[in-house]
Amino acid sequence: MEKIAITNKKQTKEDVLRQSLLKERGQIPEHVAIIMDGNGRWAKERGRMRIQGHKAGVDSVRDAIEACAQLGVGHLTLYAFSTENWRRPKAEISALMKLLIQTLRKETLNLNKNDLKLNAIGELERLPSVCLNELREGIEMTKDNQRMVITLALSYSGRWDITNAIKSISEKVKNGELQSEDINDEVIHAHLATSEMPDPDLLIRTGGDFRISNFLLWQSAYTEFFITDTYWPDFRRTNIYEAIEAYQTRERRFGMISEQLYEKEKEKAAASV
Ligand code: FPP
């Protein structure tokens, strides 16, 4: 049985079977990114406060982490708080930050025990210092773990990320460290907050809206999207499996045509014999 116990629940035989079918059927995405949306609506429909939706969403985070790690996903990136979320009512922001602090305190040891590495991207200095300290401790404690990288996008936006990259690149051009004609995709990738990870293969959005909401703008150029009406607090591993099944049916052409992909696959197969 798998050595992972983020949810504290025993993995059922059906779940083991479902995961092995997914692994046999096709490629498991190396990087899954999630826009966790619908917490507020979930709470409202139950006559509860918005923060209750966020709290309920923590169980979905645990289940998503556990299922992705068991499947062999290498990177899981969660959009937990956007730059624009700072515009929310103060009470909601502070309740969200408290929830984040509590969750980090409760879960970091568990992440470490399960060989999971914690990472964070965004304008982290804007976070309350207690939150930032918890985050830094968690990142430090788990820094050598290998199984899967969990990146929390906090106070993050794609435009912030690109703007920062432009600033550091132009600084290097000014200093003569870099020539402007040498700026290309790789150089830009290397200056983004996500420089240590591959671009997302699959982006899941819960809550039914068809938009990117300033998430990984540069990085999602060729990402496959899966949008579900399910609100984040109701999202469970079976929804992850559905998303990956859908992903496995997509033909990722990266601007090429099907025949070229087929030829590439043939060449790869021949080289591996
Ligand atoms: C969007 O739903 C969700 C957020 C802004 C916060 C996400 C936070 C969590 C799931 C909890 C903690 C996370 C971690 C990583 C511990 P919304 O409020 O915009 O929902 P709505 O669109 O229905 O209003």
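Residues numbered from 1 in each chain as written. Predicted model: local features only at pLDDT ≥ 70, side-chain atom pairs only at ≥ 80, totals over all residues. Heavy atoms only, no water.

S.K.: Even after reading the chapter, I still don't get the nonpolar core, so can you show me in this structure?
M.R.: Nonpolar side chains in soluble globular proteins tend to end up buried together. Ile 34, Leu 135, Met 148 and Ile 240 are the most contacted members of the largest nonpolar core, which totals 47 residues. Looking at which element gives the most residues to this core, the answer is helix α4 (residues 90–113), with seven residues. When sequence neighbours within four positions are dropped, the list of residues in contact with Ile 240 reads Ile 34, Ala 64, Cys 68, Leu 71 and Phe 235. With ten residues, the next largest nonpolar core counts Ile 35, Ala 153, Tyr 156 and Leu 203 among its residues. (Core = buried A, V, L, I, M, F, W, Y, C linked by side-chain atoms within 4.5 Å. Buried < 20%, exposed > 50% of the residue type's maximum accessible area, 1.4 Å probe, protein only. Helix = DSSP H or I, 4+ residues; strand = E, 2+ residues; numbered from the N terminus. Contact = heavy atoms within 4.5 Å.)

S.K.: Where do I start with the sheet that holds strand β4 (residues 148–156) in this structure?
M.R.: Sheet strands pair by backbone hydrogen bonding; their relative direction is either parallel or antiparallel. Here we have six strands laid out as an open sheet, ordered β3-β4-β2-β1-β5-β6, and parallel in their pairing. Here the strands that pair on one side only, and so sit at the sheet edges, are β3 (116–121) and β6 (224–227). On average, each strand axis in the sheet is inclined to that of its neighbour by 20°, with strand direction left out of account. In this fold α4 packs onto β2 (75–82), β3 and β4, with an angle of close to 155° to the strand it touches most, β3. Across the sheet, helix α5 (residues 129–141) touches β3 and β4, and the angle it forms with β3 is around 140°. (Pairing = 2+ DSSP bridges. Axes fitted to C-alpha atoms, helices over the stretch in contact; angles between N-to-C directions.)

S.K.: What am I meant to see in the pattern of salt bridges here?
M.R.: Note on pairing: side chains with opposite charge can pair once their charged atoms come close. Inspection of the entire model under this criterion finds 23 salt bridges. Glu 134 is paired through a salt bridge with Arg 105; the nearest N and O atoms lie 2.8 Å apart. Of this pair, Glu 134 sits in helix α5 while Arg 105 sits in helix α4, and the two are 29 residues apart along the sequence. A single salt-bridge network, built from bridges that share partners, covers Asp 37, Arg 41, Arg 205, Asp 209 and Arg 211. (Salt bridge = Lys/Arg side-chain N within 4 Å of Asp/Glu carboxyl O.)

S.K.: Honestly, the packing of aromatic side chains in this entry has me stumped. Any pointers?
M.R.: Think of a pair of aromatic rings as described by two things: how far the centres are apart, and how the planes are tilted against each other in angle. Taken as a whole, this structure holds seven aromatic pairs when the rule is applied. Look at Tyr 222 and Phe 254: their rings are 5.5 Å apart centre to centre, the planes differ by 50°, and that puts the pair in the tilted class. Of this pair, Tyr 222 sits in the loop between β5 (202–205) and β6 while Phe 254 sits in the loop between α8 (237–249) and α9 (258–271), and the two are 32 residues apart along the sequence. Tyr 222 sits in the partly exposed class, given a relative accessible area of 47%. According to the relative accessible area criterion, Phe 254 is partly exposed, its value standing at 44%. An aromatic cluster of three or more residues is present, and its members are Tyr 79, Tyr 156, Trp 160 and Phe 215. (Phe/Tyr/Trp six-rings, centres within 6.5 Å; stacked < 30°, edge-to-face > 60°.)

S.K.: What is the right way to look at the site of the ligand in this model?
M.R.: Taken together, 18 residues sit near the ligand, with Asp 37, Gly 40, Arg 41, Arg 50 and Arg 88 positioned nearest. The separation between an oxygen atom of the ligand and a polar main-chain atom of Gly 38 is 3.3 Å. Interatomic distance of 2.8 Å between a side-chain N/O atom of Arg 50 and an oxygen atom of the ligand. Starting from 630 Å² of accessible surface for the ligand in isolation, the protein chains cover 91%. A molecule is said to occupy a pocket when more than half its atoms come within 2 Å of that pocket's grid points, and by this definition the ligand occupies the largest pocket. For the shell around the ligand, the secondary-structure elements that each account for two or more residues are α2 (39–45), α3 (50–71) and α4. When residues in the shell around the ligand are grouped by element, the largest group, four residues, is from α4. In terms of residue class, the shell around the ligand is built from eight nonpolar, six polar and four charged. (Near = heavy atom within 4 Å. Polar contact = N/O pair within 3.5 Å; in protein donor to acceptor, adjacent residues only side chain to side chain. Areas by Shrake-Rupley, 256 points an atom, 1.4 Å probe, with all protein chains shown as cover. 1 Å grid on protein atoms, 1.4 Å probe; cavity = no way out; pocket = protein on both sides within 12 Å on 5 of 7 lines; lining within 4 Å. Sits in = over half its atoms within 2 Å of the grid points. Nonpolar A, V, L, I, M, F, W, Y, C, P; charged D, E, K, R; others polar.)

S.K.: Where do I start with helix α1 (residues 13–25) in this structure?
M.R.: Every α-helix carries 3.6 residues per turn, so stepping three or four residues along brings you back to the same face. Compared with an ideal rise of 1.5 Å per residue, which puts 13 residues at 18 Å, α1 spans 18 Å between its outermost C-alpha atoms and is within 8% of the ideal. Among all positions in α1, only Asp 15, Gln 19 and Leu 22 are buried. Looking straight down α1, one finds its buried side chains confined to an arc of 60°; they lie on one side. Away from the buried face of α1 by more than 90 degrees, exposed residues Lys 13, Glu 14, Leu 17, Glu 24 and Arg 25 are located. Considering only its buried residues, α1 is in contact with α3 and α8. (Expected span 1.5 Å × (residues − 1). Arc of directions from axis to C-beta.)

S.K.: What's the story with the pairing of β5 in this structure? I'm lost.
M.R.: A regular strand carries its side chains on alternate faces of the sheet. The side-chain alternation of β5 yields two buried faces, one formed by Leu 202 and Ile 204 and the other by Leu 203 and Arg 205. Looking at chain direction, strand β1 (residues 31–35) and β5 are connected through four bridges and run parallel. Opposite Val 32, over in β5, you have Leu 202 as the bridge partner. Here four bridges tie β5 to β6, and the two strands are oriented parallel to one another. Bridged to Leu 203 within β6 is Phe 225.

All we've got here are geometric facts, nothing functional implied.
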